[in-house]
Structure formats: C-alpha cells, structure tokens
Amino acid sequence: MVPPRHWTDPGFIVRIVTIQGKVQRRTMAYEYPTPAGVLRLLRVQRHWAVQFKGRRSGDWRSPDAAAVAVARHRSGLVEWDRQRSDVSGDLLDWRPLGESL
C-alpha cells in the first residue's frame, strides 16, 4: 500500500501546465507578509530559497525546512535575520504565492 502524500510534498504540488502546446512543470511558491516586508519561499531548481526585499538566500530541500529557518531567523539574509518580526515555522500558515497558481 502506498502511503498518502502530504500536500507540501514537492511531488504532490508540482502541476503540469500547457503553454502554447509545450508542457512545463510548475512548483508552488509561498509568501508570508510581515510588518518588515513580505517573505517568499521559492523553488530554485531542486532546492528552496527565501526571498526578502529583493535578495535571495538558502538551499533547503523542502519548503518546510525553509519556513523553519526563516521563523528562527537563520535564513542567511542579514536584513531578515536581524528583524524581530514573528513568522510561523509551519508552512500551513504561509499562503500560496499568486503567480504560482
């Protein structure tokens, strides 16, 4: 029996999109608004990165791991890591990024 997939599993959230007859793979991205600015989790090739105020950092294997690092202010982005804003480490509290839908 195959175990059920969790909705944040990258294999589950990949969608097939047809654009002008070509099939392309798209992956969900996430965002979290804070008083300091909007954080985004983006898939870059096989890994996940965080973006804040136009800068990008990180090399996590899952969006869940990236969300936890951001919540602990260990993102690798100095401007975010010095903030005192609270962010959830639970990806369920992040919202899907509009352009990835």
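To be clear, the structure that these remarks concern was listed above.
Here is what the cut-offs are and how they apply
Residues numbered from 1 in each chain as written. Predicted model: local features only at pLDDT ≥ 70, side-chain atom pairs only at ≥ 80, totals over all residues. Heavy atoms only, no water. Phe/Tyr/Trp six-rings, centres within 6.5 Å; stacked < 30°, edge-to-face > 60°. Helix = DSSP H or I, 4+ residues; strand = E, 2+ residues; numbered from the N terminus. Buried < 20%, exposed > 50% of the residue type's maximum accessible area, 1.4 Å probe, protein only.

Some points on the packing of aromatic side chains
- Here the structure, examined in full by the defined rule, presents three aromatic pairs.
- Relative to tryptophan 48, the ring of tyrosine 30 has its centre 6.1 Å away and its plane inclined at 40 degrees; by these criteria the two rings are tilted. Pair noted here: tyrosine 30 is in strand β3 (residues 30-34) and tryptophan 48 is in strand β5 (residues 47-52), with a separation of 18 residues, a long-range link. Each member of the pair, tyrosine 30 together with tryptophan 48, is buried.
- When the centroid spacing of 5.4 Å and the interplanar angle of 65 degrees are considered together, the rings of phenylalanine 52 and tryptophan 80 count as edge-to-face. Here phenylalanine 52, found in strand β5, pairs with tryptophan 80, found in helix α3 (residues 78-81); they are 28 residues apart in sequence, far enough to count as distant.
- Residue classification places phenylalanine 52 among the buried positions, given a relative accessible area of 1%.
- A relative accessible area of 0% places tryptophan 80 in the buried class.

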